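Topology and contacts: notes
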Amino acid sequence: MSTNKLSRVVAHVIVLLGGLWTALPLYWMVITSIKPVAEVWIYPPTFWPRQLSAEGFIEAWTHGGAVGIKHSIIVAIGTLLVSLILGLPAAYSISRFRTGGDDLSFTILSFRFMPPIAPAVAFWILATRLHIFDTHLILILVNSMASIPFVVWIMKGFIDEIPYAIEEAAQVDGAPWLKIVRDHVLPLAAPGLVAVSLFVLIFTWNEFLFATILTGRFVSTFPKAVPGMTIGVYEPHWAAVAAQGMMVVIPIMLLSFYLQKYIVRGMTYGAIRQ
Amino acid sequence: MAVKAKTLEGDTGVTERRRSLSEGKSFAWMLVAPCLLFLLLVGLYPTIYVLALSFSKFHPGEGLEFVGLHNFIRAFASPRFWHGLYVTGWFAIISIGVQLVFGFVMALSLQQVSVRVRKIMTTLFLTPFMMTPAVVAILWKQIYHPTFGPLNYVLSLFGIKGPLWVTSKWALPALVVADVWQWTPFMTILLLAGLQSLSREIYEAAYVDGATAWQVFKDMTFPMMRPFIFLAVFLRFIDAFKLFDLIFIVSRGGPGDLTESIAYYTYVMGFKYFDLGLAAALSVLQLIIIFIMGKLLLNQLSRVEEVSRGT
C-alpha cells in the first residue's frame, strides 16, 4: 500500500504499542506462574520475580491440572474423530453435489450458533436419564454437535477448490469411489484438515460451560479445574491458575507460529483465500 | 461405474462437472445422512425439550404443568429481562465497536511492516483468543484486584486511586476491556487476511492516477472490506451475545445485577432458582435472535467469498 516514510513509522509505532498491550497481561501471567505464592499476594506487586518457584505449577498439576489434561485430551480427540467421520462425507457431498442446497447448509451451520445455555438444562436431563452424566461420552457428543458444522463448512470450502477433473480422470481408470477420495482428494484437502482439526481441538479443549454443567467428580476437564483452584475459602490460587494458563499458552504459541496459515483460514470459516 | 458427466457452470464461474443427477442424488444424501442424523438427534431433542419447557411451569417433585405463553409474558414483563438485554447489548456494541476500530487500525499497520514482523505479531495475536477463556477471566480478575493487582498499583504511581473495579460501577467496562484484549487480535488477523486478499492492481492504478492515501482508504479499501467487516462483526456479535464464561468467573453478574447479561440471567433463573419454564422461554428468545443473526451471517459469508475470489 502506501510506502510513504511517515506512514511506515506510524505503522511500526502502532504495531509496537498493540504488541505491548497484548503482551503485557501475558507477561503478567508468566511471572505470576513462576513466583512463590507468598510473593503473589504482597503489596506492592512485583513486576519481576524476587524469587522463582514451581509452587504454582505443582499446585496446578496436582489439583486437577494433570487429570484435567488427560480428560480434555480424551474429549478433544474423541470429538475430533466423531466430527471428522461425520463431517467429511457431508462436506464432500455438499461440495460436489450441492446436496440440500442453501437450506441444508444453513441448518448444519445453525447448530454452531446455539447459545450453550439454552440446551444446557435439556442436556443435563438427557444425560442423567441416559446415565451418561459425568462421562466422556456426553461431552464428546455435545462438543461434536458444535464442531461438526465447522468441519462441514471449512472442508466444503477446501473441497470446492480441488478440481473435480482429478476424480474424473481416476474414475476413467476404473477406480472405486472410496479409493479415489483417499488417494486424490484427501491429500489435496490436507491443509483444510489441519486447519479444521486445530480448531476443533482448541475449541473443545477450552469448552467450559458444558464441561461444568454436565460433569461431576469423575470427568473433570482442564478449564473446569480453573475456578476450583482456590486458597483458603474463596481466593483464587493465582499462581496455580497462571501456571495452568502457561500449560496452554506455550503449545498454542508454538502452533500459532508454525501453523499460522491454517489457523487463519479456519478462523474465517474457510471463506478468505490467500 | 459408468458415470455420465455433465458440465455445469457453478455460481463461482468455474466450470465443474457433476455426476448425473439421477445417480448422484441418493449417493449424495447417503453421505450426508449420518451427519444430519447425528446433529438432529443430539441437537433436536434439546431444542424440542426447551420449547416444551418454555410453555410449562416446573413444580419440583411434581413435574410440569402446561401454562401456554405465561413464561414469555413473564419474561417480557420482567425488568430484569430487559436489563439483561440492555447489559448484553451495551457490552456487545461497545466491545465490538472498539475491537473493530482498533483491529482495523492494527491490520492496516501490519500491512506496512516486514513479513517477519508480521509473522511474529500474528503469533502473538493468535494467542489471547485461543487461550482457555476461564484462565483469561481469572487473569483479568487478578489484574483488577484492588489491592494486589498490578493495575491499581500502576495507577497509584500516577497518584490515581483505583476503584474496586469488578465490585464497583466499573464492572461492565472492566469486562469490556478484558474482552477487547482477548478479541481485538482476532479482528486484526481476520481483517488483515481480508486486506491481503484484495487485488493489488487496482491500488497501483489508483496511485498512478494520483489518489491520496485517505481517498484510497475511503473510496476503495473501506467499501471492499465491507463484507469482511460484516463477517468479523457478526462472528463477534454472536459470541458476545452468548457471553457467559467471563461474567461467571469475573463478576458473577455483579455487583447486584450490573453485569448480568441475558445468558447469565438465564443461567441464574434455570440453575439457581430452578424456574425452568422461564429459563427455557428466555432460551427460546435468544435462539430466535441468534437464528436471525445467523441468517444474516450466511449472506455475508458468501459475499466475502465473492470478494476474495475476485468475482
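Below, the discussion takes up the overall build of chain B. Along its length, chain B carries 12 helices and 4 strands. Classification of the 311 residues of chain B by burial places 43% in the buried group. Sequence-distant contacts in chain B: of pairs separated by 6 or more residues, those separated by 24 or more amount to 68%.

The next subject is the overall build of chain A. Check the secondary structure of chain A and you find 12 helices and 2 strands. For chain A, the N- to C-terminal ordering of α and β elements is α-α-α-α-α-α-α-α-α-α-β-β-α-α. In terms of principal-axis extent, the alpha carbons of chain A reach across some 75 × 65 × 30 Å. Evaluated residue by residue, chain A yields a buried proportion of 49% over its 274 residues. A fraction of 78% describes how many contacts in chain A between residues 6 or more apart in sequence connect residues 24 or more apart.

Core analysis: the largest hydrophobic core is formed by 161 residues, its most contacted members being V151, V152, M155 and L214 of chain A together with L175 of chain B. Ignoring sequence-local partners within four residues, the contact set of L214 of chain A consists of F123, W124, A127, F133, I138, L139 and V142 of chain A.

So, on to the pairing of strand β4 (residues 63-66) of chain B. Consecutive side chains along a regular strand alternate between the two faces of the sheet. The sheet contact formed by strand β3 (residues 56-59) of chain B and β4 of chain B spans 4 bridges and is antiparallel. Looking across to β4 of chain B, one finds that K57 of chain B is bridged to E65 of chain B.

Each α-helix winds once per 3.6 residues, and so residues spaced three or four apart point in a common direction. Helix α12 (residues 260-267) of chain A sits mainly inside the fold: 6 of its 8 residues count as buried. Along α12 of chain A, the residues that are buried comprise Y262, I263, V264, R265, G266 and M267 of chain A. Buried residues belonging to α12 of chain A abut α6 (136-161), α8 (177-206) and α11 (238-258) of chain A together with α4 (115-126) and α7 (171-196) of chain B.

To continue, consider the interface of chain B and chain A. Contact with chain B, which involves 89 residues of that partner, is made by 84 residues of chain A. Per-element accounting of the side of chain B that touches chain A gives the leading share, 16 residues, to helix α1 (residues 21-54) of chain B. Here the side of chain B that touches chain A is built from residues that sort into 58 nonpolar, 22 polar and 9 charged.

Okay, the confidence of the model for chain B next. Residues at a pLDDT of 70 or more form 90% of chain B, whose mean pLDDT is 81. Throughout residues 1-22 of chain B the model reports pLDDT below 50, and contacts reaching past four residues in sequence, or to other chains, amount to 25 contacts.

Right, let's talk about the packing of α8 of chain A against α12 of chain A for a bit. Residues and elements named next belong to chain A. Contact geometry of α8 with α12 gives a least axis separation of 8 Å together with a crossing angle of 70°. Between α8 and α12, the angle is such that the two are roughly perpendicular. The residues of α12 that touch α8, namely those facing P191, V194, A195, V196, L198 and F199, are Y262, I263, R265 and G266.

Summing up the model confidence of chain A, the mean pLDDT is 81 and the portion of residues at 70 or higher is 93%. Considering each helix and strand of chain A separately, the mean pLDDT is smallest for strand β1 (residues 230-231) of chain A, with a value of 62, and largest for helix α1 (residues 5-34) of chain A, with 90.

So, about unusual backbone geometry. All names here are of chain B. Backbone geometry at W165 places phi at a positive 55°, although glycine is not the residue there. By the secondary structure assignment, W165 is in the loop between α6 (150-157) and α7. According to the C-beta neighbour criterion, W165 is buried, with 24 such atoms within 10 Å.

What follows deals with the environment of I238 of chain B. Considering the arrangement of structural elements, one finds I238 of chain B in helix α9 (residues 213-241). What makes I238 of chain B partly exposed here is the crowd of 18 C-beta atoms within 10 Å. Put simply, I238 of chain B and P79 of chain B are 159 residues apart on the chain and 23 Å apart in space, counted from C-alpha to C-alpha. Excluding residues within four positions of it along the chain, I238 of chain B makes contact with F113 of chain A together with I290 and M293 of chain B.

What counts as what
- Residues numbered from 1 in each chain as written.
- Chains lettered and ligands numbered in written order.
- Predicted model: local features only at pLDDT ≥ 70, side-chain atom pairs only at ≥ 80, totals over all residues.
- Helix = DSSP H or I, 4+ residues; strand = E, 2+ residues; numbered from the N terminus.
- Buried ≥ 20, exposed ≤ 12 C-beta atoms within 10 Å, placed from the backbone.
- Contact = placed C-beta atoms within 7 Å.
- Core = buried A, V, L, I, M, F, W, Y, C linked by C-beta atoms within 7 Å.
- Pairing = 2+ DSSP bridges.
- Nonpolar A, V, L, I, M, F, W, Y, C, P; charged D, E, K, R; others polar.
- pLDDT = per-residue confidence, 0-100.
- Axes fitted to C-alpha atoms, helices over the stretch in contact; angles between N-to-C directions.
- Parallel < 35°, antiparallel > 145°, perpendicular 65-115°, else oblique.

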